[in-house]
Amino acid sequence: MRVKDFIAGLPKAELHVHHVGSASPRIVAELAARHEGHTPVPADPEKLAEFFTFADFAHFIEVYLAVVDLIRDADDIFTLTYEVARELAGQRVRYAELTCTPYASVRRGIPAAEYCGAIEDARKRAEAEFGIVLRWCFDIPGEAGTEAAEQTLRIALDQRPDGLVSFGLGGPEVPRAQFRPYFDIARAEGLHSVPHAGETTGPETIWAAIRDLGAERIGHGIAAAGDPELMRYLADHGIPLEVCLTSNVRTRAVASLAEHPLPVLVAAGVPVTINSDDPPMFGTTLNREYGIAADLLHLDRAGVAALARAAVDASFLDPAGKRALLAEISTYTDQSR
C-alpha cells in the first residue's frame with residue numbers, strides 16, 4: 001500500500017482546525033449568494049478562488065473576517081458545523097477539536113445560547129451520523145483585545161456547552177500578557193490552554209504563551225525552531241505544537257514547504273501534531289498535510305501512524321476515548337501490512 005493510500009484510510013485526530021475557516025467553497029459560495037450585495041466575498045467559484053489568494057498574514061485575517069461575516073444566524077452556524085464534520089469524517093478523522101470564535105457571532109447579533117445550541121446540535125447529529133467526535137476550543141480573536149477576551153470567557157462559563165474543552169487565542173500575535181487574567185480564570189474552571197503563538201512572530205510569543213497563559217499546547221509554534229533553549233523546554237515538558245504546514249506557506253509565515261522548520265523541531269524532540277488550520281481557504285486537507293509531513297520527514301507507513309498516535313496523545317479526548325482511537329489506529333496499521 002502506498003503511503004498516500006495508507007493516509008487516506010488512517011484513523012486520525014485533528015487538533016487545530018478553525019470553525020469558519022473550514023467552510024467549504026460550496027458553503028461559502030451559498031452564503032455569499034444569500035448575502036449578495038452585503039459582503040465582499042464573491043459567490044462565483046473562480047472569483048472565490050482568487051479572493052482566497054493571500055498577499056500576507058494581514059490579508060488572510062481580512063479575508064477570514066469577511067467569511068466570518070457570512071455566518072449570520074443559528075441556522076448558518078448549524079449548517080457550517082455539521083458540514084465541516086461531514087468533510088472531516090470523510091478523511092477518516094475520528095476526533096476533532098474545532099476552534100470556534102463565538103465572540104464574532106455574538107457581536108453580529110446571534111445570542112450566545114443560540115450559538116452554543118447550534119454547535120451542540122450539530123455535534124450530536126454528526127457523531128450519530130458520521131461517527132466523528134467533536135470538541136470545542138473557544139478562541140479569543142486577538143485583534144479585538146481584552147473586550148473580546150472578557151466576552152469569550154463569559155460565553156464559555158455561562159453557556160458551558162458539553163463539548164467545550166479548551167480556551168484559545170488567535171488572530172494577530174499581539175502581546176500575550178494582557179490576556180493572562182482571562183486564561184487564569186478559564187484554567188481554574190477546568191478549560192485547557194491552547195493559544196496561538198510563534199506563527200508570524202518570534203520565539204518570544206511562545207515563551208509568553210507558556211509563562212503568561214499556561215499553554216498546554218501551542219497553536220503553530222514554528223518559531224521555536226530558532227531557539228534551541230525553547231525547543232529543549234518544549235521537549236522536556238511535553239508541550240506539543242499544532243503544526244499546519246500549508247497554512248504557514250499560504251500566510252507567508254514560511255517561504256516554502258521545503259524551508260519549513262518541521263524537520264528541525266522533530267529532530268530536537270519537540271512533540272508535534274499535524275493539522276490543517278483553515279483547509280478550504282488554503283486548498284488543502286488533513287490527509288494532504290499528512291502526506292506533506294511524510295515527505296518532509298521521510299516517513300514510511302509506521303512513521304505516519306506514529307504522527308496519528310501523537311495527535312491522539314496530545315488531544316483532550318477522555319482516556320477511554322484515547323485508548324479506543326489508539327487501538328483503532330493500531331488495528332488499521334496491522335491490517336495494512
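Residues numbered from 1 in each chain as written. Predicted model: local features only at pLDDT ≥ 70, side-chain atom pairs only at ≥ 80, totals over all residues. Heavy atoms only, no water.

Engineer: Looking at this structure, I do not really get the side chain of Arg123. What am I missing?
Structural biologist: Secondary-structure assignment places Arg123 in helix H7 (residues 112-130). Among the residues examined, Arg123 registers a relative accessible area of 9% and is labelled buried. Excluding residues that lie within four positions of it along the chain, Arg123 makes contacts with Leu134, Arg135, Trp136, Asp162 and Gly163. (Helix = DSSP H or I, 4+ residues; strand = E, 2+ residues; numbered from the N terminus. Buried < 20%, exposed > 50% of the residue type's maximum accessible area, 1.4 Å probe, protein only. Contact = heavy atoms within 4.5 Å.)

Engineer: Is there a simple way to explain the packing of helix H16 (residues 301-314) against helix H17 (residues 319-335) in this structure?
Structural biologist: Close contact between H16 and H17 brings their axes to 10 Å; oriented N to C, the two are set at 175°. As summarised for this structure, H16 and H17 are arranged roughly antiparallel, according to the angle between their axes. Residues Ala305, Ala308, Arg309, Val312 and Asp313 of H16 lie in contact with H17, whose contacting residues are Lys322, Leu325, Leu326, Ile329, Ser330 and Thr333. Classifying every residue of the contact of H16 with H17 gives six nonpolar, two polar and three charged. (Axes fitted to C-alpha atoms, helices over the stretch in contact; angles between N-to-C directions. Parallel < 35°, antiparallel > 145°, perpendicular 65-115°, else oblique. Nonpolar A, V, L, I, M, F, W, Y, C, P; charged D, E, K, R; others polar.)

Engineer: Just to check I follow, could you spell out empty space enclosed by the protein for this structure?
Structural biologist: Remark: the empty space left among the atoms is shown by a probe the size of a water molecule rolled over them. This model, assessed by the stated rule, comprises one cavity of 30 Å³ or more. Considered as a void within the structure, the largest cavity measures approximately 60 Å³ in volume. In terms of lining residues, the largest cavity is bounded by Leu15, His16, Glu97, Thr99, Cys137, Asp139, Ser166, Val194, His196, Arg217 and Glu242. Elements that contribute at least two residues to the lining of the largest cavity include exactly strand S1 (12-18), strand S2 (93-100) and strand S3 (133-141). Residues that form the lining of the largest cavity fall into these classes: three nonpolar, four polar and four charged. (1 Å grid on protein atoms, 1.4 Å probe; cavity = no way out; pocket = protein on both sides within 12 Å on 5 of 7 lines; lining within 4 Å. Points joined across faces, edges and corners; volume = space filled by probe spheres on them.)

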